[in-house]
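Fold and contact review
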Amino acid sequence: MNSIFEKIRSQIETAIKNAVSAAVTKGKLPDIELPAIMIEKPREEAHGDFSTNIAMQMARQARKAPVQIAHIILEEIDYRDTYIVRAESAGPGFINFFLNNDWLYEALILIDKKKEQYGEVDIGRGEKVMVEFVSANPTGPLHMGNARGGALGDCIAGVLQKSGYTVTREFYINDAGNQIEKFGISLEARYLQQIHGENNIPFPEDGYHGEDIIDHVKDYIKQYGEKLVSVSSDERRKVLVEYALPKNLKCIKDGLSRYGIEYDVWFRESSLYDGEIDETIEILKQRGYIIEKDGAVWLNGEKAGLEKDEVLIRQNGYPTYMAADIAYHRNKFLKRGFSRVINLWGADHHGHVNRMKAAMEAIGIPGEKLQIVLFQLVRLYRGGEIERMSKRTGRAISLDDLLDDVGVDAARFFFNMKTAGSHLDFDLDLAIEQSNNNPVFYVQYAHARICSILRKLTEEGVTRKAIEDIKINLLTQPEELALMKKLAELPEEVAASAETLEPSRLTRYVIDVASDFHSFYNACRVKCEDEDLLQARLLLVDSTRIVIKNVLGIIGINAPEKM
RNA sequence: GUGCCUGUAGCUCAGCAGGAUAGAGCAACGGCCUUCUAAGCCGUGGGUCAGGGGUUCGAAUCCCUUCAGGCACGCCA
């Protein structure tokens, strides 16, 4: 049993089931199939620690008023040997349960026992899951979209790991196909412009206009001179791409590494061109999903359940991005045996979601095994104004610029504060503000404060006793109870984050923990006269420290011991 | 035009396998430091859950519709 909550839920569930069947035996209730018992935490304290709406759910089938059913259940309910001390019906038919504090004390014991493993759950049972994220084109620097996708993807992966999944973090390198072609053309044009003058060489309309392309060719010329003028265009592009691509890739790797992201696999799109794309097309053909028209190879949209047909192999014989992507996902599922694949995409790719799911079905893989987390793009604010360009370089703000400005902790924290689907306004001023306005500092401060208390007590020669010797039940103040209750929630917060693929709820959770701690800190002194109480509070703050540290670890930010 | 996403307090956002009086932070206002870090705490005010229908004992949550904003509809990725 990982979570005290599981234990409580199962106690309540059992009590209700037994009560219902007792009532049925006595003829008080008709023998109907019991709906799934939902147990929730009421918002209002007066409504108990836990409540269930089972009486209301049974009402229709049982042909009795909810309140009446609730009363019948309460007549029969037996909660000896549980945490429950009182149960009562309320409102339209809720049954509210009031617990004694033992479960909170047990939560502290559990935290003390599991330490840095506290919060881990095993809903994944080792299932092999891949999280593919960022996968930025290696044709330029990382931008804000990549920054958000990176923070989200890394945290989703982290949360899944803590939930018992075997997780692989993967970056898909788009080092083939059209965009590399365009990259080459762009580099070539800039190269020739450097040598023959900007006005004498046209720059292609659909090329990459970024300054970084010019930087690359300048660097190249500095190092190798103008010898590419005399070779063929094909050769020129090839050499320039081979020069610039690894540099870009290194930039991406370094940037992400600085951001705290380490991948297990860097997968090259080009590796699919050795046959896997052809194999994939062949399978689609055998399964009857291919049509040929206008000199190209198409995925049959009607058969696949899509609005229109999609080109897979162009007239010129080159596969499209989609063809490569289908082959890539076939590789993930069939060649490497992932049973679930999670991709993080910017919202501008949402049109691709159904296409890919349909394509998976077409090659015989259930579409729901591919999960796409779409995230909305980011707007940066500074001084209340939208910020588009870096003041320093005059270019679009890159991940590196962001990290220079606000640091890794603030960036990762902010990107994980809101759900992926929400538009995100990133306030650059707030992120570097050292005040209670800034939630990153608020949480880190709570951790540092605890460490300071522990440090001070250690200096004064106070050491914590073994857990068995601590009278935890001295913790009875409202602020102590609220804090313990919050700490007890971690395992199920982790599980819920994993199930919904929304790590942002953990970020909000840890803000709550910090808040409950600060309230406790103001209401209760750890260093107090009563030796036993001191020991109990020492355990409580140390447990709080562990919880904050564990969550910050998942989000991937520091838990400073001093501030 | 078609499809997808979003719309909740002044601002930024939670809540949305239907449940009790819709929450938090910030901003505003008023308090709290001779005691473990005031980067903190306590309190007050603030809402037509975009509008309108419908389903239900019960709707911010589900369905329909209108409006507003964003995005996608390429032999781009």
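Definitions and limits used
- Residues numbered from 1 in each chain as written.
- Chains lettered and ligands numbered in written order.
- Predicted model: local features only at pLDDT ≥ 70, side-chain atom pairs only at ≥ 80, totals over all residues.
- Heavy atoms only, no water.
- Helix = DSSP H or I, 4+ residues; strand = E, 2+ residues; numbered from the N terminus.
- Contact = heavy atoms within 4.5 Å.
- Polar contact = N/O pair within 3.5 Å; in protein donor to acceptor, adjacent residues only side chain to side chain.
- Axes fitted to C-alpha atoms, helices over the stretch in contact; angles between N-to-C directions.
- Left-handed = near helix turned anticlockwise from the far one by under 90°.
- Nonpolar A, V, L, I, M, F, W, Y, C, P; charged D, E, K, R; others polar.
- Expected span 1.5 Å × (residues − 1).
- Buried < 20%, exposed > 50% of the residue type's maximum accessible area, 1.4 Å probe, protein only.
- Pairing = 2+ DSSP bridges.

1. Considerations on the side chain of His-518
Mapping His-518 onto the fold places it in helix H18 (residues 504-523). Dropping the residues within four chain positions of it, His-518 is found in contact with Tyr-442, Tyr-445, Ala-446 and Arg-449.

2. A closer look at the side chain of Ser-497
If you trace the backbone, Ser-497 turns up in helix H17 (residues 490-500). Within the structure, Ser-497 has its side chain in polar contact with the backbone oxygen of Glu-493 (distance 2.8 Å). With near-sequence residues (within four places) excluded, Ser-497 lies in contact with Val-159, Glu-502, Pro-503, Arg-505 and Leu-506.

3. Quick notes on the packing of helix H5 (residues 144-162) against helix H13 (residues 399-415)
Where H5 meets H13, the axes come as close as 11 Å, and the angle between the chain directions of the two elements is 35°. H13 is crossed by H5, and the crossing has right-handed handedness. Between H5, through Met-144, Ala-147, Arg-148, Ala-151, Leu-152, Asp-154 and Cys-155, and H13, the contact on the second element is made entirely by Leu-399, Leu-402, Arg-412 and Phe-415. Counted by class, the contact of H5 with H13 contains eight nonpolar, no polar and three charged residues.

4. Remarks on helix H15 (residues 439-459)
Its 21 residues give H15 an end-to-end C-alpha distance of 30 Å, which sits within 8% of 30 Å, the value for a rise of 1.5 Å per residue. The opening residue of H15 is Asn-438, an N-cap whose side-chain oxygen sits 3.0 Å from the backbone nitrogen of Val-440. Among the residues trailing H15, Gly-461 stands out with phi positive, at a value near 85°.

5. Considering the pairing of strand E9 (residues 296-299)
Of the two faces of E9, the one holding Ala-296 and Trp-298 and the one holding Val-297 and Leu-299 are both buried throughout. Strand direction decides the pairing type here: strand E8 (residues 290-293) and E9, joined by four bridges, are antiparallel. Within E9, the residue paired with Ile-290 across the bridge is Leu-299. In sequence, E8 turns back onto E9 through a hairpin of two residues, with Asp-294 there showing a positive phi of about 50°.

Structural measurements only, silent on function.
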